[in-house]
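# Structure at a glance
Listed below, chain by chain, are the residues.
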Amino acid sequence: MNLNKIFVSLFFILFATISAYSHPFYVSICQVDYNTQNRSLEISLKVFADDLLLALEQEGHKKLYLGEAKENESTDEFIFAYLKKQIYFTVHDTHVPYYFIGKEVVKDVIWIYLEASGVSDFDKFEVDCTLLTEVYSDQRNIIQLSKNGTIKNLLLDTRKTTGTLEFKEN
């Protein structure tokens, strides 16, 4: 088994274990899949709901009732606005804008789905991610990019918020 797959598998197991209890440290997972046929980035972001709510409250968005029947009708807009300030992708030295597809709350975790279209093939993928680092000084953000069957990972935190993943043809 390839080292990247082991690394990601361990983090998913760790994330699942932690989500069953009060989490003593803070982590998000951002899975990015490059769809060569559609020339798009399909993005799935997994964060603890209470952490995201705290970040949104610090921005002045209170009483969102995330995942409840009385959820604030503007919650998706608030989440998307927050993410656009916290996560940037760059391909060919150009910022890649993405749009909000939706979200789902599963127990104490929120899955957020985003997509970027019109992304031409690339060898280098740059990420700038400060997600929740303004809330927790020990926040960790795992970025996983899958392209043509190859998986690459980054571990970002408050000290290192940017990274580059390279895909070289053999």
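Please refer to the structure placed before this passage.
Attention in this report is confined to the structure presented alongside it. (Residues numbered from 1 in each chain as written. Predicted model: local features only at pLDDT ≥ 70, side-chain atom pairs only at ≥ 80, totals over all residues. Heavy atoms only, no water.)

### Examining the sheet that holds strand 4 (residues 94-95)
Taking strand neighbours across the sheet as the criterion, the four strands line up as 4-3-7-10 in an open arrangement whose pairing is antiparallel. The sheet terminates laterally at strand 4 and strand 10 (162-166), the two strands that pair on one side only. Two elements, strand 3 (residues 87-91) and strand 7 (residues 124-129), share five bridges in a ladder whose sense is antiparallel. Residue pairing for strand 7: Phe-89 is matched across the bridge by Val-127. (Pairing = 2+ DSSP bridges. Helix = DSSP H or I, 4+ residues; strand = E, 2+ residues; numbered from the N terminus.)

### Thoughts on the nonpolar core
Grouped together as the largest cluster of nonpolar side chains are 43 residues, with contacts concentrated most on Leu-41, Leu-83 and Phe-89. Counting five residues, the second-largest nonpolar core is a separate cluster that includes Val-27, Ile-29, Val-109 and Ile-142. (Core = buried A, V, L, I, M, F, W, Y, C linked by side-chain atoms within 4.5 Å. Buried < 20%, exposed > 50% of the residue type's maximum accessible area, 1.4 Å probe, protein only.)

### Some thoughts on the sheet that holds strand 9 (residues 150-157)
Strand order in this open sheet of six strands is 5-6-2-1-8-9, and the pairing throughout is mixed. This sheet does not close on itself; its edge strands, each paired only once, are strand 5 (99-106) and strand 9. Going from strand to strand, the sheet's axes swing by 15° on average, the running direction of each strand aside. Sheet topology note: the strand 1 (residues 26-35)/strand 8 (residues 139-147) ladder contains nine bridges and is parallel. Bridge pairing in strand 8 places Ser-28 opposite Asn-141. Its contacts with the sheet place helix 2 (residues 49-58) against strand 1, strand 2 (40-48) and strand 6 (109-117), and it is angled at close to 95° to strand 2. Of the strands in this sheet, strand 2, strand 5 and strand 6 are in contact with helix 3 (residues 75-86), which crosses strand 5 at around 115°. (Axes fitted to C-alpha atoms, helices over the stretch in contact; angles between N-to-C directions. Contact = heavy atoms within 4.5 Å.)

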